[in-house]
Amino acid sequence: MPHQITLRYEPSRDPREVRIAFLLNRRPWLGCFVRSSGPPLRPCGEALLCMGLLPAIELACDLRIEEPVDRTLLAAVDDVQRMVAGWTPGCHPVRIVAPTRDAKYPNGRGHGLFFSGGVDSSYSLAVNRNQLDGIVTLLGCDISLADRETADWLAGLSRRVAMAMGVESIIVETDLPEQMHRYLGWIEYHGSALAGIRHLFGDRFASMRVAASVDEATKWSLPWGSHPGIDPRLGTADATILLDGLVTRPEKLARLLAEPVLLENLRVCYHGGPNCGKCSKCLSTWVCLDVLGGGQPVPSFPPGRPPLNPAALAIPDTSVRNDRLGLRAEAIRAGGHETLVAMIDAAVAAFDLRRPTLAERYQLKGLMRVARHRWRLARDRRFGRPPRD
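Quick look at the structure, then. (Residues numbered from 1 in each chain as written. Predicted model: local features only at pLDDT ≥ 70, side-chain atom pairs only at ≥ 80, totals over all residues. Heavy atoms only, no water.)

## So, the overall build of the protein
1) Next: When helices and strands are tallied, the protein shows 12 helices and 12 strands.
2) Next: Computed over the C-alpha atoms, the radius of gyration of the protein is 21 Å, within 12% of the 21 Å expected from 2.2 N^0.38 for a compact globule of 389 residues.
3) Next: Projected onto its principal axes, the C-alpha positions of the protein cover 65 × 45 × 35 Å.
4) Next: By sequence separation, contacts in the protein at least 24 residues apart represent 71% of the contacts at least 6 residues apart.
5) Next: Summed over all atoms, the accessible surface of the protein reaches about 17,100 Å², with 54% contributed by carbon and sulfur.
6) Next: Here the protein holds 49 positive side-chain charges and 42 negative ones, and the gap between their average locations is 4 Å. (Helix = DSSP H or I, 4+ residues; strand = E, 2+ residues; numbered from the N terminus. Rg over C-alpha atoms; globule rule 2.2 N^0.38 Å. Contact = heavy atoms within 4.5 Å. Areas by Shrake-Rupley, 256 points an atom, 1.4 Å probe, with all protein chains shown as cover. Lys, Arg positive; Asp, Glu negative; His and termini not counted. Charge placed at Lys NZ, Arg CZ, Asp CG, Glu CD.)

Here it is as structure tokens:
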């Protein structure tokens, strides 16, 4: 008989904070909080369902929600389950038990965007600025809440951008990724976790945009936590989730060159804080901006011209392949980038040579990931509450 994960709210005196209890077989398991710097949060079953769905699939547990869930959302997660379970051997749709309702919301709500300062969300802010009146920045995801200096730096970045764009900045602190990381990685979890946080802001936003990290050509082919088959289905008719900006990275960066405030505050570094200019994420972005901008300095990166590094141009998936081909076209158009073009050609050739095995490699990697997470769950049940890594 499968184990059961139950989600419920714990008491909180602050309307801008919710505390969520995860129970395993009705015994305390995990606990997390979500805290808003601005509008009060709306504790609801929709948020609990989104936060619990992917962990339940990963760990092969039934899911029980102790708050009413909008009936259209409850029906829509069947498609989400089939898609997510189909990506990884050993995963299957799980049984969900929850009371139902027709969710109602107040009038006069606005439109928001999850904003990290990265290329994707900066592009979405630039192209949708006239439709938005709030941006939501999460602390506790790629930046630990324990790292107060970097967390405060990101909060300040969000507030500066919001002020310049004429929208509200809402800072959300949460330990949900930290609490769940032993059992489900943020790459797989982030789309549904963001959907859960979106529903906590149901009284503030009628729609919420999630910036896409893939383009139109590859949006269905890549298994990812945020996906066109997941994000929109985890919204409701009156609390929608929109996957936004399905264009290549060079197209997004070209748009940002016309947005000085967003360019000055661009954050892409693998280390989470200010751009180091040395990691592969920084270098690939910096090189692209150098080509698109004709060598003009980019304030969010160290001074000087970015070094060419073949490792920074490596291609992990088809979406990045499209990004590299877009950069190649721009480099040829600009002229004088023969070495860069040759490096991109080599990276594309290397990717195409191994591409037929990528799906198999992903399946094997997913199978090993699920086995590891279920082993941890079994071990932690035997010895009590999960140990801290």
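## Some details on the pattern of salt bridges
1) Next: For the coordinates displayed, the defined rule picks out 28 salt bridges.
2) Next: Asp133 is paired through a salt bridge with Arg204; the nearest N and O atoms lie 3.5 Å apart. Of this pair, Asp133 sits in the loop between α3 (119-128) and β9 (134-139) while Arg204 sits in the loop between α6 (186-200) and β11 (205-211); the two residues are 71 residues apart in sequence, bridging distant segments of the chain.
3) Next: As a salt-bridge pair, Arg305 and Asp290 come within 3.1 Å of each other at their nearest N and O atoms. (Salt bridge = Lys/Arg side-chain N within 4 Å of Asp/Glu carboxyl O.)

## Structural notes on the packing of aromatic side chains
1) Next: Under the criterion given, the structure shown has 5 aromatic pairs.
2) Next: Where Phe22 meets Trp29, the ring centres are 6.3 Å apart and the plane angle is 75°; that geometry is what we call edge-to-face.
3) Next: The buried category is assigned to Phe22, whose relative accessible area is 2%.
4) Next: A ring pair is formed by Trp286 and Phe301, whose centres lie 5.5 Å apart and whose planes are at 20°; its orientation type is stacked. With Trp286 in helix α9 (residues 280-292) and Phe301 in the loop between α9 and α10 (318-334), this residue pair connects regions lying 15 residues apart in the sequence.
5) Next: Judged by relative accessible area, Trp286 falls into the buried class, the value being 6%.
6) Next: Looking at Phe301, the relative accessible area reads 6%, which means it is buried. (Phe/Tyr/Trp six-rings, centres within 6.5 Å; stacked < 30°, edge-to-face > 60°. Buried < 20%, exposed > 50% of the residue type's maximum accessible area, 1.4 Å probe, protein only.)

## Side note on the sheet that holds strand β1 (residues 3-10)
1) Next: Pairing within the open sheet is mixed, and its 10 strands lie in the order β6-β4-β1-β2-β3-β10-β9-β8-β11-β12. Since the sheet does not close on itself, it has two edges, and those belong to β6 (96-97) and β12 (240-244), each with one partner.
2) Next: Pairing analysis gives 6 bridges linking β9 to strand β10 (residues 168-174), with the strands arranged parallel. Note on β10: the bridge partner recorded for Leu139 is Glu173.
3) Next: Where α6 meets the sheet, it contacts β1, β2 (17-24), β3 (27-36), β8 (110-114), β9, β11 and β12, and its direction lies at approximately 160° from that of β11. (Pairing = 2+ DSSP bridges. Axes fitted to C-alpha atoms, helices over the stretch in contact; angles between N-to-C directions.)

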